[in-house]
Amino acid sequence: MKKIILIIFVVAIVILGFFGIRFYNKYAGNNVEKDGFVLIPHNAKPQQIFDSIAPLIKNKDYFTSVAEDKKLAENYKAGRYELKSGMNNREIVNMILAGNQTPNSFRIKDFDDVYQMIGRVSKKTEMDSAKFANELDKIAINKGYKNAEDLKKYFFNNTYDFFWTVTPKEFFEKFDNEYKAFWTAEKIEKEKQSGLSREQIYALASIVYKESGGKPDEQKTIAGLYLNRYKKGMKLQSDPTVIYAVNKANNFTQKIKRVYYRHLKEPSPYNTYANVGIPPGPICIVDKNSLNAVLDAENNNYIFMCADPERFGYHKFTHSDVEHAKNAKAYQDWLNKKDIK
C-alpha cells in the first residue's frame, strides 16, 4: 500500500513539475532568442504582428497563447519595440499593449534642403517620405510660407530622439518649440542691434557654418569678416553659396569638391559672387553655435579668408588683398598637388 502511495506521489510531483515548468516557461521564462527591434504599424493584421515578432523568440506557441489571452491583436499600440534577452512573454505583450516604444536617434545634419532631411528622417519613421513631405508642406502653408523648404530656419543641426510612429506635426512641434526657446529676449535684443533681419541672420549663419565646417573655433571670426564685407557693400564671395546655387539648380544631384570660375557665373540669388548682399535664405540647416556666432560676431578688420593647407579645416584671415592673393595661390597649389578637382 505504501509503495502505491509513494508511486502516486512521485507521479503527481512529476506531473506538477511538468506543468509547472510549462507554466513558468509560458509566462515567466526568457523567450527571446536574439535581441532586436520589432516594427508594428498602425492597422496591422494579427498575423503581421506575430510574423514580425516570430524571428526573435524561442517558443512561438507560448507567445501566441499569452498574446491571445491578453488580446494583443485587438489592443496593441503601433510602434518600434526592442526585445532583449531575458524578457518573458508577458513582458513583451505588456510592452506592446502599453505602447512603451524605444526611441530612435535622428541626426539632423547640415542638409542643404529640407526635403533632403525629410528623405533621411522618414527612413526611421512609419510614414513614407512623400507623405511626410506633403504634411510638412501643409504645416508651412498654414504658417504663411510657400512650402516645407521655407521652414529651414526652424530646424537645428543636432541629434534628436523620436519614436518610429512620430507624425510630421509632432516632429515639427519639437523644432518649433526649440526655435522659440532659442530666441530669448536677450537674443532678440542682439538681433535688433545687428541691423539684420532674422532671415539674414540665418542666411549668414549658414554661410558661417559651411565655411567653418561646423567647427565653432573660427565661427565668430568668420561672422565678423562677412559682416565687414556686408557693411562695406562688398560681395560676400563665399564659395559655399556658389556650391549651393549650382546644386539647387541641379536638384542637389551634383557633388562639387572645388569651385571653378564657371561655377561663379551661376545665375542665382544665392550666388554671393554674382550678387551683393546676404542671400535670401539659409543655404543649409544651421546649428545654434553658428547662429550665436552671428549674434556675437568678433569685432575684427578682416576682409579676406582662405583655407589654410597647413591646418586642414582652418583658415588664414587678412585685411590685405596682397596677402590674400598669396594665401589663395598657396591653397590653389595645394589643391593641384592633391589633384582635387
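Calculation notes
Residues numbered from 1 in each chain as written. Predicted model: local features only at pLDDT ≥ 70, side-chain atom pairs only at ≥ 80, totals over all residues. Heavy atoms only, no water. Helix = DSSP H or I, 4+ residues; strand = E, 2+ residues; numbered from the N terminus. Rg over C-alpha atoms; globule rule 2.2 N^0.38 Å. Buried < 20%, exposed > 50% of the residue type's maximum accessible area, 1.4 Å probe, protein only. Contact = heavy atoms within 4.5 Å. Lys, Arg positive; Asp, Glu negative; His and termini not counted. Charge placed at Lys NZ, Arg CZ, Asp CG, Glu CD. Phe/Tyr/Trp six-rings, centres within 6.5 Å; stacked < 30°, edge-to-face > 60°. Lys NZ or Arg CZ within 6 Å of the ring centre and 35° of its normal. Pairing = 2+ DSSP bridges. Core = buried A, V, L, I, M, F, W, Y, C linked by side-chain atoms within 4.5 Å. Axes fitted to C-alpha atoms, helices over the stretch in contact; angles between N-to-C directions. Parallel < 35°, antiparallel > 145°, perpendicular 65-115°, else oblique. Left-handed = near helix turned anticlockwise from the far one by under 90°. Nonpolar A, V, L, I, M, F, W, Y, C, P; charged D, E, K, R; others polar. Expected span 1.5 Å × (residues − 1). Salt bridge = Lys/Arg side-chain N within 4 Å of Asp/Glu carboxyl O. Patch = residues over 30% accessible without salt bridge, like charges linked within 9 Å, V, L, I, M, F, W, Y side chains within 5 Å. Areas by Shrake-Rupley, 256 points an atom, 1.4 Å probe, with all protein chains shown as cover. pLDDT = per-residue confidence, 0-100.

### Overview of the overall build of the protein chain
Scanning the protein chain from terminus to terminus reveals 14 helices and six strands. Relative to a compact globule of 341 residues, whose C-alpha radius of gyration would be 20 Å, the protein chain shows 30 Å and is clearly more extended. With respect to the three principal axes, the spread of C-alpha positions in the protein chain is 115 × 50 × 40 Å. The proportion of buried residues among the 341 residues of the protein chain is 44%. Of all intrachain contacts in the protein chain linking residues separated by at least 6 positions in sequence, the fraction that spans at least 24 positions is 63%. Within the protein chain, the 41 negative side-chain charges are centred at a point lying 3 Å from the centre of the 53 positive side-chain charges.

### Points about the packing of aromatic side chains
Counted by the stated rule, this structure contains 23 aromatic pairs. Here the guanidinium or amino end of Lys215 rests over the ring plane of Tyr314, the centre of that ring lying 5.2 Å away.

### Thoughts on the pairing of strand S3 (residues 104–108)
Moving residue by residue along a regular strand, the side chains alternate between the two faces of the sheet. Side-chain alternation along S3 places Asn104, Phe106 and Ile108 on a buried face and Ser105 and Arg107 on a face that remains uncovered. With five bridges connecting them, S3 and strand S4 (residues 158–162) associate as antiparallel partners. Note on S4: the bridge partner recorded for Ser105 is Asp161.

### A closer look at unusual backbone geometry
Unlike most non-glycine residues, Asn43 shows phi in positive territory, near 60°. With respect to the element layout, Asn43 can be found in the loop between strand S1 (36–40) and helix H2 (46–53). Residues other than glycine seldom take positive phi values, yet Phe252 does so here, at roughly 55°. For Phe252, the position within the fold is in the loop between helix H12 (239–249) and helix H13 (288–295).

### With respect to the nonpolar core
Counting residues in hydrophobic clusters, the biggest one holds 56 residues, and the most contacted among them are Met117, Phe155 and Phe171. Ranked by residues supplied to this core, first place goes to helix H10 (residues 198–212) with eight residues. Apart from the residues lying within four places of it in its own chain, the contact partners of Phe155 are Val114, Met117, Phe171, Phe172, Phe175, Ile285 and Val286. Judged by nonpolar contacts, the second largest core, of 22 residues, contains Val38, Val66, Tyr81 and Val93.

### Regarding the packing of helix H3 (residues 60–69) against helix H5 (residues 89–98)
Each pair of packed helices can be described by the angle between their axes along with the distance between the axes. Running from N to C, H3 and H5 point in directions that differ by 45°, and their axes come no closer than 9 Å. Judged on the interaxial angle alone, H5 and H3 are oblique. Judged by the twist between their axes, the crossing of H3 over H5 is right-handed. Mapping the contact onto sequence places Tyr62, Phe63, Val66 and Ala67 in H3 and Asn89, Arg90, Ile92 and Val93 in H5. Classifying every residue of the contact of H3 with H5 gives six nonpolar, one polar and one charged.

### Things to note about helix H11 (residues 219–231)
An ideal rise of 1.5 Å per residue puts 18 Å on 13 residues; H11 measures up with 18 Å between its terminal C-alpha atoms. H11 sits mainly inside the fold: ten of its 13 residues count as buried. For H11, the set of buried residues is Gln219, Thr221, Ile222, Ala223, Gly224, Leu225, Tyr226, Leu227, Asn228 and Arg229. Looking at the buried side of H11, the elements it contacts are H10, H13, strand S5 (304–307) and strand S6 (315–318). Residue Gly233 follows H11 closely and has a positive phi angle near 75°.

### So, the pattern of salt bridges
Taken as a whole and judged by the stated rule, the model has 14 salt bridges. In this structure, Glu149 engages Lys152 in a salt bridge whose closest nitrogen and oxygen atoms are separated by 2.8 Å. You'll find Glu149 and Lys152 in the same group, each marked buried. The closest approach of N and O atoms between Lys169 and Glu173, which form a salt bridge, is 2.7 Å.

### Details of a positive patch on the surface
Together, Lys109, Arg120, Lys123, Lys255 and Lys257 make up a positively charged patch on the protein surface. Structurally, the position occupied by Lys123 is in the loop between helix H6 (114–121) and helix H7 (129–142).

### A few points about the confidence of the model for the protein chain
Interpreting fine coordinate detail is not advised for predicted regions of low pLDDT. In this model, the protein chain carries an average pLDDT of 91, and 92% of its residues clear a pLDDT of 70 or more. A low-confidence stretch, residues 9–21 (pLDDT under 50), is modelled with zero contacts involving residues beyond four sequence positions or located in other chains.

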